[in-house]
Amino acid sequence: MKITVAGAGNVGLITAVCLADAGHHVTCVDTQKEKILLLKKGHSPFFEPGLEPLLEKTLSNGHLRFTTDQKLAYSDADIIFIAVGAPAKKDGSVDLSYIYAVSYSIADSIEKDVIVCTKSTVPVGTNGKIKQIFHYRKPRHLKVEVVSNPEFLREGSAIMDFYLGDRIILGVDNPETASIMEQLYLPLKIPIIVTDIRSAEMIKYASNAFLATKISFINEIANLCEKVGANIDEVAFGIGKDKRIGESFLQAGIGYGGSCFPKDTKALVQLAGNIKHPFELLESVIKVNQHQHSLLVAKAKELIGSLKGKRAALLGLAFKPETDDIREAASITIIKELLEEGANVTAYDPIAIPNTHKLIGNAIDYTTDIRQALKDADFAIIATEWGQIKHLPLDTFAAYMKEPIVLDGRNCYSMKEIQRYPITYVSIGRPVVSKGRVSSMSLK
Ligand code: UGA
């Protein structure tokens, strides 16, 4: 099948490369010239493990090509995936202008019948509006079928998720279109669920909202654990063993970030509000998450007093490991709060420094060497559970820092291990460890 993917961002590029690797002929189109030039040379504009080797492979075997020419990309495609950005507006609602612009461009370019399949996360009803665009704009003799096919790729493991996903959701209007889409995905041997378009759109939002709820729930339990002297590791393990609850997404910490959960939870709250059905549960999930982002600076102040003039080592900038993405990362809130408190910040991250520098500039120092960040620091905050941080020999803290005070927002170290070192260690939902001693008292 001839496939076109509109948009070479995290979703579009992974979809294009993986479908090309599965043997299809794929054209990936994007309006950003520099991005397409980079991709033609086999370089990805963002970091994703395993992406560049697949990119090089599919470019050199001729299964994948890149272009900025929309007419060329859309005119003779059998299936067109829309995977362009749908960013959040200031009020939390979704900016659909790129989605609609692509739809108009497709309608103006096609020369044969085509299936248009939306991968971008769009509010319920958007695919209905896309159908309207085709109805009024496309050549009359051509047929356009619209499909909702939300993606469930996680940054950092997107390629694995493409091949080993739990399910593929197809929101379609008729069985013929469903059958063509099923054939496309059949080689992946992933369960396919065919449903109506509106339900498919809602499945995506409900999935992300549920996962975000699970995170805020475990974070609230962690906050309670601190007050009552329980340990969140034990509690999460104990509840996760119940199959109805499940073990995944019970890692307590300083909250979720990234380009998806924050945006999608706000969009669902907005959508519910628009139809006068306030989604109070999800509003609380968002509130809890904002609170978690600010937890560690508050704890640092409680422990140290004024942070003015203190040297802070911030370990980890990316919103999670294996990505250079800092969108809505807890680290950004932490940086802003530390600067407001008058602290001097040196941040460590293996790959997210260029993106952070674009946002924060020279207000803080950056290093790709953890020891350099820790050198002479009055306290350290861990914001991302990078392997480099998790596997750091624990005597490094006392060896390099002025005061070995570590506030760990991702519970990187086991309580047993940390007690062997002369560190003051504050984590999430676990007792404070002070120079080898576990204190039954939590911070406030
Ligand atoms: C998320 C979903 O997991 C994907 O299924 C979905 O396709 C994607 O959004 C999207 O809508 O495009 P992603 O944001 O890449 O993927 O990353 P996750 O692994 O889900 O992590 C999101 C955030 O939750 C991270 O900040 C992570 O640190 C945090 N998290 C995750 C926790 O705090 N605790 C956990 O137990 C799990």
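Residues numbered from 1 in each chain as written. Predicted model: local features only at pLDDT ≥ 70, side-chain atom pairs only at ≥ 80, totals over all residues. Heavy atoms only, no water.

Asks: Is there a simple way to explain helix α1 (residues 10-21) in this structure?
Replies: Because each turn of an α-helix spans 3.6 residues, side chains separated by three or four positions end up pointing in the same direction. Between its first and last C-alpha atoms α1 spans 17 Å; for 12 residues at 1.5 Å apiece the expected length is 16 Å, and the two agree. For α1, the tally of buried residues reaches nine of 12 residues, placing the bulk of the element in the interior. Every buried residue of α1 is listed here: G12, L13, I14, T15, A16, V17, C18, L19 and A20. After α1 finishes, the residue G23 shows a positive phi value of roughly 105°. (Helix = DSSP H or I, 4+ residues; strand = E, 2+ residues; numbered from the N terminus. Expected span 1.5 Å × (residues − 1). Buried < 20%, exposed > 50% of the residue type's maximum accessible area, 1.4 Å probe, protein only.)

Asks: Explain the domain arrangement of the chain to me, please; I cannot follow it from the model alone.
Replies: One frequent convention defines the size of an interface as the accessible area lost when the parts assemble. Domain parsing of the chain yields domain 1 (2-195), domain 2 (204-290) and domain 3 (294-438). For domain 1 versus domain 2, the distance between C-alpha centres works out to 29 Å. Across the contact, 16 residues belong to domain 1 and 10 residues belong to domain 2. For the pair domain 1 and domain 2, the two sides together bury roughly 1000 Å², of which 59% comes from carbon and sulfur. Three residues, G92, T121 and F152, lead the burial of domain 1 against domain 2; their summed loss comes to 34% of the area buried on that side. (Domains from an automatic or database assignment. Contact = heavy atoms within 4.5 Å. Buried area = accessible area lost by both parts, 1.4 Å probe.)

Asks: When you look at the packing of aromatic side chains in this model, what are you seeing that I'm missing?
Replies: We describe a pair of aromatic rings using the distance from one ring centre to the other and the angle between the two ring planes. By the definition in use, this model includes five aromatic pairs. Pairing F162 with Y163 gives two aromatic rings, centres 5.6 Å apart and planes at 80°, and the pair type is edge-to-face. We classify F162 as buried; its relative accessible area is 8%. We classify Y163 as partly exposed; its relative accessible area is 25%. Here Y413 and Y425 contribute two aromatic rings whose centre-to-centre distance is 6.1 Å and whose plane-to-plane angle is 50°, an arrangement assigned as tilted. In this pair, Y413 is assigned in the loop between β13 (405-408) and α18 (415-418) and Y425 in strand β14 (residues 424-426), connecting sequence segments 12 residues apart. For Y413, a relative accessible area of 4% corresponds to the buried category. Here the aromatic cluster, defined as three or more aromatic residues joined through ring pairs, consists of F249, Y256 and F261. The side chain of R167 reaches across the aromatic face of F152, ending 3.6 Å from its centre. (Phe/Tyr/Trp six-rings, centres within 6.5 Å; stacked < 30°, edge-to-face > 60°. Lys NZ or Arg CZ within 6 Å of the ring centre and 35° of its normal.)

Asks: I would appreciate a short explanation of the site of the ligand in the present structure.
Replies: Around the ligand, a shell composed of 19 residues is seen, among which E151, E155, K204, N208 and K320 lie nearest. L250 is positioned with one of its backbone polar atoms (N or O) 3.4 Å from an oxygen atom of the ligand. The contact in question runs from an oxygen atom of the ligand to an N or O atom on the backbone of G257, over 3.0 Å. Across the complex, the protein chains shield 91% of the 710 Å² of accessible surface that the ligand would expose by itself. For the shell around the ligand, the secondary structure elements donating two or more residues are α9 (197-228) and α11 (261-274). At three residues, the largest contribution of residues to the shell around the ligand is made by α9. Residue composition of the shell around the ligand, grouped by class: nine nonpolar, three polar and seven charged. (Near = heavy atom within 4 Å. Polar contact = N/O pair within 3.5 Å; in protein donor to acceptor, adjacent residues only side chain to side chain. Areas by Shrake-Rupley, 256 points an atom, 1.4 Å probe, with all protein chains shown as cover. Nonpolar A, V, L, I, M, F, W, Y, C, P; charged D, E, K, R; others polar.)

Asks: Help me understand the sheet that holds strand β15 (residues 432-434), please; the structure alone is not making it clear to me.
Replies: Sheets are built from strands that pair by backbone hydrogen bonding, the pairs being arranged parallel or antiparallel. Read from one edge of the open sheet, eight strands run β11-β10-β9-β12-β13-β14-β15-β16, paired in mixed fashion. The strands lining the two open edges of the sheet, one partner per strand, are β11 (365-367) and β16 (437-439). On average, each strand axis in the sheet is inclined to that of its neighbour by 20°, with strand direction left out of account. Taken together, the three bridges between β13 and β14 define a ladder with parallel strand orientation. Directly across from L407, in β14, lies its bridge partner V426. Along the sheet face, helix α12 (residues 280-304) touches β12 (379-382), β13 and β14 and points at about 155° away from the line of β13. Each of β9 (311-315), β10 (344-348) and β12 is contacted by helix α13 (residues 330-340), which is oriented at about 175° to β9, the strand it contacts most. (Pairing = 2+ DSSP bridges. Axes fitted to C-alpha atoms, helices over the stretch in contact; angles between N-to-C directions.)

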